[in-house]
Amino acid sequence: MKAPLQSRLVALSLLALALFSPPLLLLFDRPAALGFSSLPVIIYLIWALVILLAALTLERPDAD
């Protein structure tokens, strides 16, 4: 694995770790307008964002 790709994946892992940290997620654990918590929606959106960024990083054509 090349060094730039490896550093991008490490940065993506750290971003995912920060986004899934309990203090950040608990900010969204409040009742929404319809009476349910928006926390599951936020978790799935973050999850989808991390997968999208990983796919873009790993499928990126090499410039060499």
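I will try to describe carefully the structure that is included in this document.

With that settled, consider the packing of aromatic side chains. Overall, the coordinates contain 1 aromatic pair when judged by the stated rule. Note on Tyr44 and Trp47: the rings are 6.1 Å apart at their centroids and 75° apart in plane angle, and the pair reads as edge-to-face. Taken together, the positions of Tyr44 and Trp47, both in helix α3 (residues 39–58) and 3 residues apart, correspond to about one turn of that helix.

This next bit is on the side chain of Thr57. Along the chain, Thr57 turns up in helix α3. Thr57 sits in the buried class, given a relative accessible area of 16%. At a separation of 2.7 Å, a polar atom in the side chain of Thr57 contacts the main-chain carbonyl oxygen of Leu53. Beyond its immediate sequence surroundings of up to four residues, Thr57 is in contact with Leu5, Arg8 and Leu9.

Right, let's get into the packing of helix α1 (residues 3–19) against α3. Contact geometry for α1 and α3: axes closest at 11 Å, N-to-C directions at 180°. Taken together, the axis directions place α1 and α3 in an arrangement best described as roughly antiparallel. Where α1 abuts α3, its residues Leu5, Arg8, Leu9, Leu12, Leu15, Ala16 and Leu19 lie against Ile46, Leu49, Val50, Leu53, Ala54, Thr57 and Leu58. Partitioned by chemical class, the residues of the contact of α1 with α3 number 12 nonpolar, 1 polar and 1 charged.

The next thing to look at is α1. Under the 1.5 Å per step criterion, the end-to-end length of α1 is 24 Å for 17 residues, consistent within 8% with the ideal 24 Å. Of the positions making up α1, those classed as buried are Leu9, Leu12, Ala16 and Leu19. Projected onto a plane normal to the axis of α1, the buried residues spread over an arc of 90° and lie on a single side. Set apart from the buried face of α1 by more than 90 degrees, the exposed residues are Ala3, Leu14 and Leu17. Structurally, α1 contributes buried residues whose contacts are with α2 (22–25) and α3.

Scoring rules and cut-offs
Residues numbered from 1 in each chain as written. Predicted model: local features only at pLDDT ≥ 70, side-chain atom pairs only at ≥ 80, totals over all residues. Heavy atoms only, no water. Phe/Tyr/Trp six-rings, centres within 6.5 Å; stacked < 30°, edge-to-face > 60°. Helix = DSSP H or I, 4+ residues; strand = E, 2+ residues; numbered from the N terminus. Buried < 20%, exposed > 50% of the residue type's maximum accessible area, 1.4 Å probe, protein only. Polar contact = N/O pair within 3.5 Å; in protein donor to acceptor, adjacent residues only side chain to side chain. Contact = heavy atoms within 4.5 Å. Axes fitted to C-alpha atoms, helices over the stretch in contact; angles between N-to-C directions. Parallel < 35°, antiparallel > 145°, perpendicular 65-115°, else oblique. Nonpolar A, V, L, I, M, F, W, Y, C, P; charged D, E, K, R; others polar. Expected span 1.5 Å × (residues − 1). Arc of directions from axis to C-beta.

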